[in-house]
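The residues making up each chain are set out below.
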Amino acid sequence: ARKKGIPRVYIACNSGARIGGVEELKSIVQVEWVDSDDLLKGFKYLYIPDADMQKLPPQAVESHAISVNGETRHVLDAVIGAGLASTKGGVGVECLQGSGLIAGETSRAYEETFTLSYATGRSVGIGAYLNRLGQRNIQMVHGPMILTGAEMLNKVLGQQVYTTMDQLGGPHIMVPNGVTHELVQNDQDGVEAILRWLSFVPENVLTIPPMILPRDPASRRVQFTPTKSPYDPRHMLTGVNVDGEWQAGFCDDGSFHEYLAGWGKSVVVGRGRLGGMPLGIVAVETRGMERRIPADPQEANSSDVVEIQAGQVWYPDSAYKTAQAIRDFNHGEHLPLLIFANWRGFSGGTRDMFAEVLKYGSMIVDALVEYKQPVTIYIPPNGELRGGAWVVLDPKINMEQIEMFADVEARGGILEPPAAAEVYFKKDKQVVEMMHRCDDALKQLDIRQAKGEDVASEIKQREKLLLPVYQQVAWEYCDLHDRAPRMKSVGAIREGLSWAESREYLHWRIRRRVQENGVARKLMRAVSGMSYVSAMQVVTDLCRKAAAVAGVEAEDRAVATWIEENPGDVHNRIELERQRATEEEVYRLVASLPAARRAEVVRDLHGYLRVVAKASIPASGGA
């Protein structure tokens, strides 16, 4: 799969590394007892009589010979089993070697191509690790993934604790911990899930993900609008029936499929389509969620633990989930990424800091830094992106690939307005000053006070009366700093969007970038050492005419369409750049030679080319 750059699907059902013994020795091995009359005193060593030893292959055992009462005994130092039928295929550590080989190959495969595992039955030991090393997992309800069987663990613990393998690696363990991406009921559903996942994946690592004819056009308006109150983000993506009327969501009808639904529930991830174009999607849960940690039967006093997680906040599990999903979209799938960013920040309490939220939040940055496909960050209507949550998504993390947009009804900034007002619009200073500047009653009181009248108590009463409404004014003032026009003005976002029309704009914007990115990658493969920036300069020049004719409003659509409809022109330009780079390399190599050698090398090269040219001319007419 790595060699051909094609998807690799692993159907998992195994019992781990094979363990066994050398069967041929069991019937001939002897025991030397400490006291043959009292076997409870133990034994000294195991040995093979000389007559039996002579029948074994040379490397069957390692031993040393001793003589006891005139009898030659071969005391066993190690059992090897070489040349014996029972060891064919391995019986011990050699099986672990093979397992290590598979593990390393699976890890490399994830980095280089698309990997997907389907646990149709139990996966034990290395089998379970292989599923995780391939990262993407579909699990059948009767396909537990475990490291050690229940019976073996009970022997280690010295008591009957576990009764089934599901207690150790069944769906109620592997779905909430993020190992399982999707749970299915049977193999029919499992194969359907594999095919559905493959429908988002490129044919090979050199191509872009497949476009299909859309179920509904990119120009279709988005009807469901996210609200300020908590809502199900899936409705934003898929649509929902409201009071008997269907309100279409952002994705093509029926195209969005959620993965990792049972883990890190404050974030929603999945794959969907926009005008037939596949996308990796990350959205934010605005409602409060529960994280449940199951009781461990091994501990008598253990019980289920339920943790409450607020909406619009990254917790350790959901931050890890976000980073994992981004890595999956990037590796092998090559999907353009769309993040509906609606986070107020990270949970920084003692429990979550101890649970490594800082580490997992940093992993989001790591995943975005290495992302090789277009990334679109969109703050949705009535959404907000604040503080550290903005930082880990900022376009400057990966300026080659990340673009950020904000809805005209979205907000972005360091702090929310009430908190920001406490910093730079203080109620005991600026707010009071605004009251006296804007309120007619206070103006009159100030005039009277200036004339020497004692109106201090009246002023205090008036300020106290007005304070709540003027605090709202202060919050509004702070909120005005967080809107799309200012974000665009300072270069924080590319554009402010209207949610209802966002499908068409983002479809063509992302589609253009996907096509440009694909051409740039081909250039970089054809021209050794070419940077992404240099490749994009060539792509821009290649599409310059199409962009100019279309104008700013239709430029994205024109460029995307031109690249798709003119593969010959694209190929010719790539070949031209390859030849140009080859010429420059030849000149550079010749120039690096000593001056006295240059003419000689050029002469030899010229002669070589004449021979090659002559050899390439087909013989004719007996000449």
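Residues numbered from 1 in each chain as written. Predicted model: local features only at pLDDT ≥ 70, side-chain atom pairs only at ≥ 80, totals over all residues. Heavy atoms only, no water.

J.: Looking at this structure, how should I read the overall build of the chain?
T.: For the chain, the count of helices and strands is 24 helices and 24 strands. Taking 623 residues into account, the globule formula puts the C-alpha radius of gyration at 25 Å, and the chain, at 35 Å, lies well above it. Considered along the principal axes of its C-alpha atoms, the chain spans approximately 130 × 95 × 60 Å. Residue burial in the chain is summarised as follows: out of 623 residues, 44% are buried. Within the chain, residue pairs in contact and separated by at least 24 positions form 67% of the contacts whose partners lie at least 6 positions apart. Only carbon and sulfur atoms are counted for the fraction: they give 55% of the accessible area of the chain, which is about 32,900 Å². In the chain, 71 side chains carry a positive charge and 80 a negative one; their mean positions are 5 Å apart. (Helix = DSSP H or I, 4+ residues; strand = E, 2+ residues; numbered from the N terminus. Rg over C-alpha atoms; globule rule 2.2 N^0.38 Å. Buried < 20%, exposed > 50% of the residue type's maximum accessible area, 1.4 Å probe, protein only. Contact = heavy atoms within 4.5 Å. Areas by Shrake-Rupley, 256 points an atom, 1.4 Å probe, with all protein chains shown as cover. Lys, Arg positive; Asp, Glu negative; His and termini not counted. Charge placed at Lys NZ, Arg CZ, Asp CG, Glu CD.)

J.: When you look at the nonpolar core in this model, what are you seeing that I'm missing?
T.: Most often, soluble globular proteins keep nonpolar side chains buried together rather than apart. W314, L337, I339, W343, I364, L385 and L393 are the most contacted members of the largest nonpolar core, which has 38 residues in total. Looking at this core element by element, the count peaks at five residues for helix α10 (residues 316–330). The contact partners of L385, leaving out residues within four places of it in the chain, are A341, W343, I379, W390, L393, M404, R411, G412 and G413. In this structure, M236, L237, F250 and L497 belong to the second largest nonpolar core, which totals 24 residues. (Core = buried A, V, L, I, M, F, W, Y, C linked by side-chain atoms within 4.5 Å.)

J.: Help me understand the sheet that holds strand β18 (residues 337–340), please; the structure alone is not making it clear to me.
T.: Paired through backbone hydrogen bonds, the strands of a sheet run either parallel or antiparallel to each other. Within the open sheet, the seven strands sit side by side as β12-β13-β14-β18-β20-β22-β24. Their pairing is mixed. Two strands bound the open sheet, and with one partner strand each, they are β12 (257–259) and β24 (495–497). On average, each strand axis in the sheet is tilted by 25 degrees relative to the strand beside it, whichever way the strands run. Pairing analysis gives five bridges linking strand β20 (residues 375–379) to strand β22 (residues 402–407), with the strands arranged parallel. Residue pairing for β22: Y378 is matched across the bridge by F405. With respect to the sheet, α10 is in contact with β12, β13 (267–274), β14 (277–284) and β18, its orientation differing from that of β13 by roughly 30 degrees. (Pairing = 2+ DSSP bridges. Axes fitted to C-alpha atoms, helices over the stretch in contact; angles between N-to-C directions.)

J.: What's the story with the sheet that holds strand β4 (residues 61–68) in this structure? I'm lost.
T.: Across the sheet, four strands lie side by side as β2-β3-β5-β4; this open sheet has antiparallel pairing. The open sheet has two edge strands with one neighbour each: β2 (30–33) and β4. Adjacent strand axes in the sheet meet at a mean angle of 45 degrees, parallel and antiparallel pairs treated alike.

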